[in-house]
Each structure stands twice: as C-alpha cells, then as structure tokens.
Amino acid sequence: MKSSVHDCSIVSLSKIHNRAGNITIVEGDKNIPFKIERIYYLYDIPGGESRGGHAHKQLHQLIIAASGSYNILLDDGENKKTITLNRPDFGLIVVPGIWRELFEFSSGAICLVLASHKYDPDDYLRDYEEFKSYKK
Ligand code: TYD
C-alpha cells in the first residue's frame, strides 16, 4: 500500500451564503472523488480525549469539522503531518493506508465523516506495528 500523507488533501466545499445562514453541499463522485456509502459523526467528545488510532485498508473518507475544531495527525509509516480542521466548508480527504489520530477537540466539536464503504471491522488496522508491516 503505497499511499502517502501527501495524497490526503484539504478540499474546499461549496458554500451558499445568504442572510439566513450558510449551506454546504457534498456530492459523491462530484466534488469528492468517491461515492458516499456511509455517514457518521462524532460529538459530545469530552475535553482531552482523542479518537482514531487506526488505519483503513480500503476506505476513503472525507472528514469535516461540521462544528468547532480539532486536529488530525496523519501518518503513512514514513511521514507525518498534522492538520487543523476548523471550518465547515472545508474537508480533509483521507485515502486508504493512512494511520490517523484526532485530538484537541474544541467544546461542542462535531466530526462529520463521509465514507466510501459500509462499516467493515476487517478493514481496520488497529495495531500500529501491524500497520507498519502492512505498509512495507
Ligand atoms: P471507531 O472507528 O474505532 O471510532 P474512532 O475512530 O472515532 O475512535 O469506532 C468506535 C466504535 O463504533 C467501534 O466499536 C466500532 C463502532 N462503529 C460501527 O459500528 N460502525 C461504524 O460505521 C463506525 C465508524 C464505528
């Protein structure tokens, strides 16, 4: 699995603004490069907690700070990069084969995830050493 942290990019999403507020639209295969099979969101995250701590073998994701902010550490086994998500009209594309950790959630943060496949526990690499050998 040759994917690198450099394949994970911030994408600017559409934003339609009017005096009654904003709306952002995400369409699978249109403004993101995969079909959306599943959506989930993390919320009520206690201060100081971190999430993630795994990689996926096949799953592509678009991760959005629908509210608040948090940091994401990306790691491809060789390079690491940390990204702050803090705007609902930007998202981070995470390709398969990338270890990720989400941390420093602001109070009230909502982490919205649009995913390319249904939930599959066999798609997870939850052990860092196993992840490192998978990448070789
Ligand atoms: P996990 O992916 O480990 O969460 P995070 O990366 O945010 O720390 O999932 C947490 C729990 O939720 C785990 O028991 C699996 C379950 N889960 C599902 O059943 N379906 C899903 O689509 C997801 C994302 C998680």
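Predicted model, so just to flag it, every value in this text is computed and none were measured.

(A) Structural context of the sheet that holds strand β10 (residues 99-103). What the 5 strands build is an open sheet, ordered β8-β7-β10-β5-β12; its pairing is antiparallel. With partners counted over all chains shown, the strands left at the sheet margins are β8 (80-85) and β12 (124-125), one partner each. Where strand β7 (residues 70-75) lies against β8, 6 bridges are found, and the strand directions are antiparallel. By the bridge assignment, L73 is partnered in β8 with T82.

(B) Molecular detail of the packing of aromatic side chains. Counted under the stated rule, the structure contains 6 aromatic pairs. Between the aromatic rings of W99 and Y128, the centroid separation amounts to 5.1 Å while the plane-to-plane angle is 85 degrees, which identifies the pairing as edge-to-face. Taken together, the residues W99 in strand β10 and Y128 in helix α1 (residues 128-135) connect sequence positions 29 residues apart. By relative accessible area, which is 6% here, W99 ends up buried.

(C) Just the pattern of salt bridges, in detail. Enumeration over the complete set of coordinates arrives at 6 salt bridges. Measuring nitrogen to oxygen at the nearest pair gives 3.8 Å for the salt bridge that ties K15 to D89. Residue K15 is found in the loop between β1 (10-12) and β2 (16-18), and its partner D89 is found in the loop between β8 and β9 (90-94); the two are separated by 74 residues along the sequence. Note on K15: relative accessible area 43%, which makes it partly exposed. For D89, a relative accessible area of 8% corresponds to the buried category. For R87, the salt bridge identified is with D89, shortest N-O distance 3.2 Å. Taking the relative accessible area as the measure of exposure, R87 reaches 41% and is therefore partly exposed.

Thresholds, definitions, all that
- Residues numbered from 1 in each chain as written.
- Predicted model: local features only at pLDDT ≥ 70, side-chain atom pairs only at ≥ 80, totals over all residues.
- Heavy atoms only, no water.
- Pairing = 2+ DSSP bridges.
- Helix = DSSP H or I, 4+ residues; strand = E, 2+ residues; numbered from the N terminus.
- Phe/Tyr/Trp six-rings, centres within 6.5 Å; stacked < 30°, edge-to-face > 60°.
- Buried < 20%, exposed > 50% of the residue type's maximum accessible area, 1.4 Å probe, protein only.
- Salt bridge = Lys/Arg side-chain N within 4 Å of Asp/Glu carboxyl O.

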